[in-house]
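# Summary of the model geometry
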Amino acid sequence: MRAIDIIDSLYKKQEASREDLLWLIENRSTDISQALFERAAAVARAHFGNKIYVRGLIEMTNYCRNDCYYCGIRRSNAAAQRYRLTEEDIMQCCEAGYGLGFRTFVLQGGEDMYYTDDMMAEIISAIRTKYPDCAITLSLGEKTRESYQRLYDAGANRYLLRHETATPEHYAKLHPAELSLASRIECLRSLKEIGYQVGCGSMVGSPYQTLDNIVSDLLFIKSFAPQMVGMGPFIPHHDTPFAHEKAGTAELTLFLLAIVRLMNPKVLLPATTALGTIEDNGRELGVLAGCNVVMPNLSPLSVRKKYMLYDNKISTGDEAAEARASLEKRMRAIGYEVVTERGDYQD
Ligand code: SAM
């Protein structure tokens, strides 16, 4: 059967041709998904056992100079209530997170030029000094190579920068002309050369996305060989040009996460907040499809509702850092342990 042959090739050779990937996605069924998830979860188990790594997400600013058509914190959204965290706020998040067992802090935000390289370097080195055993991940968008180097030298270890879509024409339909896929990829290359553990990734079901675009994403990820992949469903936000577009589905997202796991066996792969937003038990389903990371929210409660990238983003519940016990229970129920480890990429 063609589906089983393709899944076998993904499992044994970590690759498949464009035609086969397209065919597999186009012809997916409950049975095919089941076979794929079993293989993907087995590969994740072979590399990570039943461990689930946690990352404490600190959403440090929702100011953004960019105007991505899909994003709720785009600069043209006048309805967004903007906020910025101070160094002190961020240190408090880390302190609370450290106490809860987090050993990776992810500083994420819009591209907010208020935070100069000097300021960011100061924040990063303060965290590095106080928590020498923790990993610091940045997700602050596109910067110059010099800036990335500066922040790396200050003590940052990892950088998440989704490529969003690997097809230039599709990229142009999701972003204004001032943003380009070429510059995104250049950023990703610089980050890798500097020595960061790098995460790329895309949205599933974003407007105008074709199956061919999706296969290009899978092939791009394979060739870029990132240490992390962030892949979650697109969800519309009511104050963006894509307010009336359809959301991506959990079903297709899970299918693609499983393929990502098979093509990139050791990659750190989060079950995203967006997946947990469109499906109640999205994170568990993600783990059962090969994910091995979850990223609970450590941001102060007062700002959580303001970091609204898309409608109904969960912000008080099992995704929150305080709900660690509940997350542990959910993961244990499906046979996994949430662990207190940095969870670095292992070659
Ligand atoms: N500014 C940084 C950047 O662009 O990488 C980090 C913050 S950005 C808001 C983080 C990610 O949120 C983006 O890479 C994008 O994939 C995701 N995102 C934004 N709007 C979304 C939406 N409507 N649905 C799903 N994901 C979305």
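That block above? That's the structure.
Described below are features of the structure shown in this document. (Residues numbered from 1 in each chain as written. Predicted model: local features only at pLDDT ≥ 70, side-chain atom pairs only at ≥ 80, totals over all residues. Heavy atoms only, no water.)

### Observations regarding the overall build of the chain
The secondary structure content of the chain amounts to 14 helices and nine strands. Against the 2.2 N^0.38 benchmark of 20 Å for 347 residues, the chain shows a C-alpha radius of gyration of 19 Å, consistent with a compact globule. If one aligns the C-alpha atoms of the chain with their principal axes, the spans along those axes are about 60 × 45 × 35 Å. Of all 347 residues assigned to the chain, the portion counted as buried reaches 59%. Restricting to contacts in the chain with at least 6 residues of sequence separation, those with at least 24 account for 75%. Total accessible area on the chain is roughly 13900 Å²; 51% of this is exposed by carbon and sulfur atoms. For the chain, the distance from the average site of its 40 positive side-chain charges to the average site of its 45 negative ones is 2 Å. (Helix = DSSP H or I, 4+ residues; strand = E, 2+ residues; numbered from the N terminus. Rg over C-alpha atoms; globule rule 2.2 N^0.38 Å. Buried < 20%, exposed > 50% of the residue type's maximum accessible area, 1.4 Å probe, protein only. Contact = heavy atoms within 4.5 Å. Areas by Shrake-Rupley, 256 points an atom, 1.4 Å probe, with all protein chains shown as cover. Lys, Arg positive; Asp, Glu negative; His and termini not counted. Charge placed at Lys NZ, Arg CZ, Asp CG, Glu CD.)

### Quick notes on the pattern of salt bridges
The final tally for this structure, using the stated rule, is 23 salt bridges. We note a salt bridge from Asp344 to Arg158, for which the minimum N-O separation is 2.8 Å. Linking Asp344 in the segment after strand 9 (337-339) with Arg158 in strand 5 (residues 158-160), this pair joins segments that are 186 residues apart in sequence. Classification of Asp344 by relative accessible area gives partly exposed; the value is 22%. The salt bridge partner of Glu337 is Arg332, with a shortest N-O separation of 3.3 Å. Residue classification places Glu337 among the partly exposed positions, given a relative accessible area of 30%. Here the residues in one salt-bridge network are Arg324, Glu328, Arg332 and Glu337, joined through shared partners. (Salt bridge = Lys/Arg side-chain N within 4 Å of Asp/Glu carboxyl O.)

### Topic: the site of the ligand
Neighbouring the ligand are 18 residues; Tyr70, Gly109, Arg162, Glu164 and Ile235 lie closest to it. The contact in question runs from a nitrogen atom of the ligand to an N or O atom on the backbone of Gly109, over 3.0 Å. One of the backbone N or O atoms of Ile235 is found 2.7 Å from a nitrogen atom in the ligand. Taking 560 Å² as the accessible area of the ligand by itself, protein coverage stands at 92%. Among the residues making up the shell around the ligand, the classes are represented as 10 nonpolar, five polar and three charged. (Near = heavy atom within 4 Å. Polar contact = N/O pair within 3.5 Å; in protein donor to acceptor, adjacent residues only side chain to side chain. Nonpolar A, V, L, I, M, F, W, Y, C, P; charged D, E, K, R; others polar.)

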